[in-house]
Amino acid sequence: DTAVSQTPKYLVTQMGNDKSIKCEQNLGHDTMYWYKQDSKKFLKIMFSYNNKELIINETVPNRFSPKSPDKAHLNLHINSLELGDSAVYFCASSPSGLTDTQYFGPGTRLTVL
Amino acid sequence: AQTVTQSQPEMSVQEAETVTLSCTYDTSESDYYLFWYKQPPSRQMILVIRQEAYKQQNATENRFSVNFQKAAKSFSLKISDSQLGDAAMYFCAYPRITQGGSEKLVFGKGTKLTVNP
């Protein structure tokens, strides 16, 4: 049984397009996150939601918009994709806050051509 | 500012031997948690071990243990009896309070561990 799932796992698209990545967790956790991992493997938080409410919004371009329809889902929509958006995007969840273990999805490798 | 430092970009170890990965962090808090995550080639991030700062006893999970030195702000990971499956990127992480008052998990840049047969 997959705890945190992401779709798609791979996404190749042209510059300027709009794309979405979906994330779902079946762990009953209250908090969900989006991370970006760059080509040097550096992992940085982008957004955090707790019970559908945005609690962390790092310095991320407005082209990135998270949406949480319910506490089990946190989707990431990206408008006007740029070359620099190419990275692996990870969704994660935790029971409540950051003192808890985070459970990560398998990642989505986004390639912008 | 970087608050979690992993000074070893790459390490290698012979199968069945022991290796220690270093991590230092910067905090003014007295009660916090520290984490080591593993990312194998499959790219799945998996928790290896977690340490609570107020606990003096070092955390242990089977072959994985930490050497937590609170005063030195050091949190190293020791892998005993290394196995081929231990080959991965290892990330140290620390929850840091943002200017807005919420917490975010800050990761080090990672250490790539190679296990030689």
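Please refer to the structure higher up on the page.
Residues numbered from 1 in each chain as written. Chains lettered and ligands numbered in written order. Predicted model: local features only at pLDDT ≥ 70, side-chain atom pairs only at ≥ 80, totals over all residues. Heavy atoms only, no water.

Enquirer: For this particular structure, what's the right way to read the overall build of chain B?
Expert: The helix and strand tally for chain B stands at zero helices and 12 strands. Walking chain B from its N terminus toward its C terminus, one meets helices and strands in the order β-β-β-β-β-β-β-β-β-β-β-β. Whereas a compact globule of 117 residues would reach a radius of gyration of roughly 13 Å, chain B reaches 14 Å, a difference of no more than 12%. Taking the principal axes of the C-alpha coordinates as reference, chain B spans close to 45 × 30 × 20 Å. When burial is assessed residue by residue, chain B has 50% of its 117 residues classed as buried. Within the structure as shown, chain B displays about 5,800 Å² of accessible surface, and the carbon and sulfur contribution to it stands at 45%. Put simply, chain B has 12 plus and 11 minus side-chain charges, and the middle of one group is 5 Å from the middle of the other. (Helix = DSSP H or I, 4+ residues; strand = E, 2+ residues; numbered from the N terminus. Rg over C-alpha atoms; globule rule 2.2 N^0.38 Å. Buried < 20%, exposed > 50% of the residue type's maximum accessible area, 1.4 Å probe, protein only. Areas by Shrake-Rupley, 256 points an atom, 1.4 Å probe, with all protein chains shown as cover. Lys, Arg positive; Asp, Glu negative; His and termini not counted. Charge placed at Lys NZ, Arg CZ, Asp CG, Glu CD.)

Enquirer: Would you take a moment to explain the pattern of salt bridges for this structure?
Expert: Proximity of charged atoms lets side chains of opposite charge pair with each other. Going through the model one piece at a time under the given rule, you end up with seven salt bridges over all chains. Between Lys71 of chain A and Asp30 of chain A there is a salt bridge, and its shortest N-O distance comes to 2.7 Å. Within this pair, whereas Lys71 of chain A is found in the loop between strand 7 (64–70) and strand 8 (73–78), its partner Asp30 of chain A is found in the loop between strand 3 (19–25) and strand 4 (31–37), the two being separated by 41 residues in sequence. The class for Asp30 of chain A is partly exposed, based on a relative accessible area of 23%. In this structure, Arg63 of chain B engages Asp86 of chain B in a salt bridge whose closest nitrogen and oxygen atoms are separated by 2.8 Å. Taken together, the residues span a long stretch of sequence, with Arg63 of chain B in the loop between strand 7 (60–61) and strand 8 (64–69) and Asp86 of chain B in the loop between strand 9 (74–79) and strand 10 (88–97) at a distance of 23 residues. Considered together, Arg63 of chain B and Asp86 of chain B belong to a single accessibility category, that of buried residues. One network of salt bridges, in which partners are shared, links Arg63, Glu82 and Asp85 of chain A. (Salt bridge = Lys/Arg side-chain N within 4 Å of Asp/Glu carboxyl O.)

Enquirer: Explain the environment of Asp100 of chain A to me, please; I cannot follow it from the model alone.
Expert: With respect to the helices and strands, Asp100 of chain A occurs in the loop between strand 9 (87–94) and strand 10 (103–104). A residue is classified by how much of its surface remains accessible, and Asp100 of chain A, at 17% relative accessible area, is buried. Excluding residues that lie within four positions of it along the chain, Asp100 of chain A makes contacts with Ser94 and Pro95 of chain A together with Phe35 and Arg50 of chain B. (Contact = heavy atoms within 4.5 Å.)

Enquirer: Would you mind going over the interface of chain B and chain A with me for this structure?
Expert: Accessible area lost on assembly of the parts is the figure often given for the size of an interface. With 21 residues of chain B in contact, the opposing surface of chain A contributes 24 residues. Approximately 1,900 Å² of surface area, both sides summed, lies buried where chain B meets chain A, with 56% of it carried by carbon and sulfur atoms. Linking chain B with chain A are one salt bridge. Between Glu58 of chain A and Lys104 of chain B there is a salt bridge; the shortest N-O distance is 2.7 Å. Joining chain B to chain A, the criterion identifies eight residue pairs in polar contact (both at pLDDT 80 or more). Only strand 5 (33–39), strand 6 (46–52), strand 10 and strand 11 (103–107) of chain B provide two or more residues apiece to the side of chain B that touches chain A. (Buried area = accessible area lost by both parts, 1.4 Å probe. Polar contact = N/O pair within 3.5 Å; in protein donor to acceptor, adjacent residues only side chain to side chain.)

Enquirer: Is there a simple way to think about the state of the cysteines in this case?
Expert: Note: disulfide means a covalent bond formed between the sulfur atoms of two cysteine side chains. Enumeration according to the criterion identifies two disulfides over all chains in this entry. Each sulfur in the disulfide pair Cys23 of chain A and Cys91 of chain A lies 1.8 Å from the other. Taking the sign of the S-S torsion, about -75° here, the bridge from Cys23 of chain A to Cys91 of chain A comes out left-handed. Of the two residues, Cys23 of chain A is situated in strand 3 and Cys91 of chain A in strand 9; the sequence distance between them amounts to 68 residues. The exposure classification of Cys23 of chain A matches that of Cys91 of chain A, with both residues buried. Across the disulfide, Cys23 of chain B is cross-linked to Cys92 of chain B (sulfur-sulfur distance 2.0 Å). Between Cys23 of chain B and Cys92 of chain B, the S-S torsion sits near -70°, and that sign places the bridge as left-handed. Here Cys23 of chain B, found in the loop between strand 3 (19–21) and strand 4 (24–25), pairs with Cys92 of chain B, found in strand 10; they are 69 residues apart in sequence, far enough to count as distant. Here Cys92 of chain B falls in the buried class, since its relative accessible area comes to 0%. (Disulfide = S-S within 2.5 Å.)

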